[in-house]
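Each chain, letter by letter, is given below.
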Amino acid sequence: MHGEILTDVYEYLYDDLQFILKSAARFRIIASLLESPKTFDEIRGDVRVSLPALYSNLRLLMDEGSVRLRGDRYSLTPEMKLMGLSALKLFDSVRVINGLEDIWLDHDISGIPQELLEDIDWLINSELIVASPADIYRPHNTYRELIRGSSEIYGVSPISHRDLIDIYEGFLEEGVPIELVLSDGVIREMVLNASFSLLRTSIKNRNLRVRRFEGALRIAFTVTDKFLSLGLFDRNGFYDQNRDIMSTDARAIEWGLRLYEHYRERSEKLGLRNLTKIMLSTGN
Amino acid sequence: MKFKLLSPRDEGDFQNLLADIRFLAGSRVRSKIIFALMDGERSISDIRRSMMAPDSTITHSLMELESKKLVERSQDSCRLTSKGKLMGAVLSRFIASLDAVRLHRDFWNEHSIGVIPLEFLMKINVFRDAYTLEASPGKLEEPYATYLEMLDNSTHLRAMLSVCLPRHTDAIGRFLEIGGAAEVILTPDSCPVFLRESAGMNLKEAMDSGLLRIGILEEKQEISYIVSDTFFAMSLRREGGSDPSSTRVIMGHGDELLRWGNELFDYHWSLSTGLDSEMLDVNVDEVVPAEE
């Protein structure tokens, strides 16, 4: 939504927003009932607010038509269930934004499309792996550790690293399929540094699929069936190899696969012939 | 899908999150500044002009947003930081979701939404541009006539039929005749009807040619929907009783809604068992799993 439309919709929904977010006790009751219909005592056990606060908020929710009482069980109306789920998503999103604040603050997130920014809560079980003076290779070593045992690998990279090529060569030798979206510079580095016969065999066997992204890539990430690793550029345009978001959570991996699909759709397949051309042009 | 519900132990965390959310969503001026900057950098004088608030309030709000590292200023312009962009994105998603709920509140409240998996309910914002059609006593066929007409412009049809009426099989038959490809998920209720009503259709030939795929779910469902290349239409069981002829249908054409419908179909398809065309010669009772 564009800013102006958002402003209008926000104004229109202002009362609903305040109703959901104004009272912590009320939100806790809604969150508790999102699980299932509950008795008064069950809700009380969940939300641990004072008895008067529980009574008054339940009464208010019923008066507003957001909660129904059937028998001795309270349940959310479908409308409030949907609103509650959306609010819970917002809470999880803010939890991710705050929890990984170190990487969002001074880094460029323009490489993440809007729909995935909106689903940032999918990274809820992720960790920011940061290099420290005592362990400057921590992100890199964690990457090596987590990628082990992957049976399919997808990556987007505007940066080249000799060690990364070694890791990928190891997987290719084991027959693990790899698909990479790379910028021109990285493709050149790869064909210069990797074993060309392995590249040729892997491409012929369709184990390695290289795709070319025309333009500037503002993000680097790897997603496999085991984990997600995501790195960003800092505000000065340099890739920050000291910070990586990593996760082995299924939802984060799904998020990473969606991100990969975004780049895959915007890249073109590169065959052996074109790779050879790039290698030859580099040699000149 | 599991929720990370807020346990009493998370009280401090919860209060901080709520405070952060209220900081933006609870303030008209602060949230409007964020929305205005979501379209890109703007001059401070431009923001002042577009807001119906005193200059001092805007200046103060900008300072607050700056202190929370959501906005950064340089000379006379301001822009969102990456954190500000993220907060704007998740807040706008929340607002879009509430909007989709509000716009169709009667539809949601009259129907049982529990049959839709939670991860799909959490993307309810896709219904912002949808609309509802009601089969009232005077115009029982209207929703169906509308989407059957839309099928003429489609090449691919995916239908989850928890109830099957002759008009459904007729429509699918016509669709296949004009060269469309269809995937259909049937339930213990709809499968026998579908197979009986499609007697005039050469199902086996359509299936063998790959134009028709049928999946069967073992359990009864309370949701029916169609997703094609151009539209999505869904009906749910009415709360407190079922009357297929009076169902209200929610439909739309947006890309996000079509993706949502296709993903929902993929989800149901993954739970179904594919029907082999050879099975068509077998007695219907043997095809449809017997209920306990």
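Residues numbered from 1 in each chain as written. Chains lettered and ligands numbered in written order. Predicted model: local features only at pLDDT ≥ 70, side-chain atom pairs only at ≥ 80, totals over all residues. Heavy atoms only, no water.

## What about the sheet that holds strand E11 (residues 273-274) of chain B?
Residue and element names in this part refer to chain B.
No. 1: Spatially, 8 strands are ordered E4-E10-E9-E8-E5-E6-E7-E11 in an open sheet, and the strand pairing comes out mixed. The two strands at the open ends of the sheet, each matched to only one other strand, are strand E4 (131-134) and E11.
No. 2: By the bridge criterion, 5 bridges tie strand E6 (residues 181-186) to strand E7 (residues 212-216) in an arrangement that is parallel. Note on E7: the bridge partner recorded for Val184 is Ile214.
No. 3: Lying on the sheet, helix H9 (residues 166-177) is in contact with strand E5 (156-161), E6 and E7; it crosses E5 at an angle near 160°. (Pairing = 2+ DSSP bridges. Helix = DSSP H or I, 4+ residues; strand = E, 2+ residues; numbered from the N terminus. Contact = heavy atoms within 4.5 Å. Axes fitted to C-alpha atoms, helices over the stretch in contact; angles between N-to-C directions.)

## Remarks on the packing of helix H2 (residues 24-35) of chain A against helix H1 (residues 11-25) of chain B
No. 1: Direction vectors running N to C along H2 of chain A and H1 of chain B enclose 110°, while the axes themselves pass 11 Å from each other. One way to sum up the angle between H2 of chain A and H1 of chain B is to call them roughly perpendicular. In the packing of H2 of chain A onto H1 of chain B, the handedness of the crossing is right-handed. Contacts between H2 of chain A and H1 of chain B involve Ala24, Phe27 and Arg28 of chain A from the former and Glu11, Phe14, Gln15, Leu18 and Arg22 of chain B from the latter.
No. 2: Looking at the contact of H2 of chain A with H1 of chain B residue by residue, the class counts come to 4 nonpolar, 1 polar and 3 charged. (Parallel < 35°, antiparallel > 145°, perpendicular 65-115°, else oblique. Left-handed = near helix turned anticlockwise from the far one by under 90°. Nonpolar A, V, L, I, M, F, W, Y, C, P; charged D, E, K, R; others polar.)

## Re the domain arrangement of chain A
A common measure of how large an interface is: the accessible area buried when the components associate.
No. 1: Domain annotation of chain A identifies domain 1 (2-89) and domain 2 (101-283).
No. 2: Taking only C-alpha atoms, the centre of domain 1 of chain A and the centre of domain 2 of chain A are 42 Å apart. (Domains from an automatic or database assignment.)

## So, the domain arrangement of chain B
No. 1: Domains assigned within chain B are domain 1 (9-88) and domain 2 (110-277).
No. 2: Placing the centre of domain 1 of chain B and that of domain 2 of chain B at their C-alpha centroids yields a distance of 44 Å.

## Looking at helix H9 (residues 162-173) of chain A
Residue and element names in this part refer to chain A.
No. 1: The terminal C-alpha atoms of H9, which comprises 12 residues, lie 17 Å apart, in line with the 16 Å expected from a rise of 1.5 Å per residue.
No. 2: Within H9, the full set of buried residues consists of Asp163, Leu164, Ile165, Ile167, Tyr168, Glu169, Phe171 and Leu172.
No. 3: Two residues or fewer after H9 comes Gly175, characterised by a positive phi angle close to 80°. (Expected span 1.5 Å × (residues − 1). Buried < 20%, exposed > 50% of the residue type's maximum accessible area, 1.4 Å probe, protein only.)

## Quick notes on the UniProt feature "domain: Methanogenesis regulatory protein FilR1 middle" (unreviewed entry) in chain A
No. 1: Within the UniProt annotation, "domain: Methanogenesis regulatory protein FilR1 middle" (unreviewed entry) is assigned to residues 136-266 of chain A.
No. 2: Between the C-alpha atoms that bound residues 136-266 of chain A the distance is 34 Å, and the span itself is 44% helix and 25% strand. (UniProt positions renumbered as here; feature names shortened; annotations may be inferred.)

## Regarding unusual backbone geometry
Residue and element names in this part refer to chain A.
No. 1: Of note in this structure, Arg48 is not a glycine but carries a positive phi near 50°.
No. 2: Note on Arg48: relative accessible area 61%, which makes it exposed.
No. 3: In this structure, Arg206 is a non-glycine residue whose phi angle is positive, near 65°.
No. 4: Within the secondary structure, Arg206 sits in the loop between helix H11 (196-204) and strand E7 (208-212).

## Observations regarding the nonpolar core
No. 1: In this structure, Trp104 and Trp255 of chain A together with Trp108, Phe127, Met234 and Trp260 of chain B are the most contacted members of the largest nonpolar core, which totals 125 residues.
No. 2: In terms of residues, this core owes the most to one element, helix H5 (residues 78-99) of chain A, which gives 11 residues.
No. 3: Not counting residues up to four positions away in its chain, the partners in contact with Met234 of chain B are Phe107, Trp108, Ile116, Phe127, Ile223, Ser224, Tyr225, Arg248, Val249, Ile250 and Trp260 of chain B.
No. 4: Judged by nonpolar contacts, the second largest core, of 33 residues, contains Ile172, Phe194, Leu203 and Ala233 of chain B. (Core = buried A, V, L, I, M, F, W, Y, C linked by side-chain atoms within 4.5 Å.)

## As for the confidence of the model for chain B
Residue and element names in this part refer to chain B.
No. 1: Averaged over every residue, the pLDDT of chain B is 86; the share at 70 or more is 88%.
No. 2: Helix H13 (residues 284-287) is the least confidently modelled element of chain B, averaging 54 in pLDDT, while helix H12 (residues 255-271) averages 97, the highest of any element.
No. 3: Among the prediction metrics, the complex's ipTM stands at 0.90, with pTM recorded as 0.89. (pLDDT = per-residue confidence, 0-100.)

## Overview of the interface of chain A and chain B
No. 1: Taken together, the contact between chain A and chain B spans 62 residues of the former and 61 residues of the latter.
No. 2: Buried surface at the junction of chain A and chain B, both sides included, amounts to about 6,100 Å², of which 65% is carbon and sulfur.
No. 3: Considering only the side of chain A, the residues that lose the most area to chain B are Arg28, Leu82 and Arg95 of chain A, jointly responsible for 11% of the buried surface there.
No. 4: Two residues, Arg105 of chain B and Glu79 of chain A, come together in a salt bridge whose shortest N-O distance is 3.1 Å.
No. 5: The interface formed by chain A and chain B includes 18 residue pairs in polar contact (both at pLDDT 80 or more).
No. 6: If you list the elements that add at least two residues to the side of chain A that touches chain B, you get helix H1 (3-21), H2, strand E1 (67-70), H5, helix H6 (101-105), strand E3 (107-108) and helix H7 (114-118) of chain A. (Buried area = accessible area lost by both parts, 1.4 Å probe. Salt bridge = Lys/Arg side-chain N within 4 Å of Asp/Glu carboxyl O. Polar contact = N/O pair within 3.5 Å; in protein donor to acceptor, adjacent residues only side chain to side chain.)

## Focus: the UniProt feature "domain: HVO-A0261-like N-terminal" (unreviewed entry) in chain B
No. 1: Within the UniProt annotation, "domain: HVO-A0261-like N-terminal" (unreviewed entry) is assigned to residues 19-100 of chain B.
No. 2: When the span residues 19-100 of chain B is considered, its composition is 68% helix and 12% strand, and the gap between its end C-alpha atoms is 25 Å.

## Structural notes on the pairing of E5 of chain B
Residues and elements named next belong to chain B.
No. 1: Burial analysis of E5 places 5 of its 6 residues in the buried class, which makes it a mostly covered element.
No. 2: Relative to E6, E5 is paired through 6 bridges, and the arrangement is parallel. The partner of Leu161 across the bridge, within E6, is Leu186.
No. 3: Between the parallel pair E5 and E6, the chain is carried across by H9, and the sense of this crossover is right-handed.
No. 4: The sheet contact formed by E5 and strand E8 (residues 223-228) spans 4 bridges and is antiparallel. Note on E8: the bridge partner recorded for Arg158 is Val227. (Right-handed = clockwise from strand over helix to strand, strands pointing away.)

## Description of the sheet that holds strand E2 (residues 71-74) of chain B
All names here are of chain B.
No. 1: The strand order across the open sheet built from 3 strands is E1-E3-E2, with neighbouring strands paired in antiparallel fashion. The strands lining the two open edges of the sheet, one partner per strand, are strand E1 (42-43) and E2.
No. 2: As paired elements, E1 and strand E3 (residues 77-80) share 2 bridges and run antiparallel to each other. Across the sheet, residue Ser43 finds its bridge partner in E3, namely Ser77.

## A closer look at the pairing of strand E10 (residues 248-252) of chain B
All names here are of chain B.
No. 1: Taken across its 5 residues, E10 has 5 buried, putting it largely inside the fold.
No. 2: Burial along E10 is two-sided: the residues Arg248, Ile250 and Gly252 and Val249 and Met251 are all buried.
No. 3: Where E4 lies against E10, 4 bridges are found, and the strand directions are antiparallel. Bridge assignment links Thr132 to a residue of E10, and that residue is Ile250.
No. 4: For strand E9 (residues 232-236) and E10, the ladder comprises 3 bridges, and the chain directions are antiparallel. Counted as the bridge partner of Met234 is Ile250 from E10.

## Re the side chain of Asp99 of chain B
No. 1: Tracing the backbone shows Asp99 of chain B in helix H5 (residues 82-103).
No. 2: Accessibility expressed as a relative area gives 5% for Asp99 of chain B, which makes it buried.
No. 3: If near-sequence neighbours (up to four positions away) are discounted, Asp99 of chain B is found in contact with Val9, Tyr12 and Leu13 of chain A together with Arg128 of chain B.

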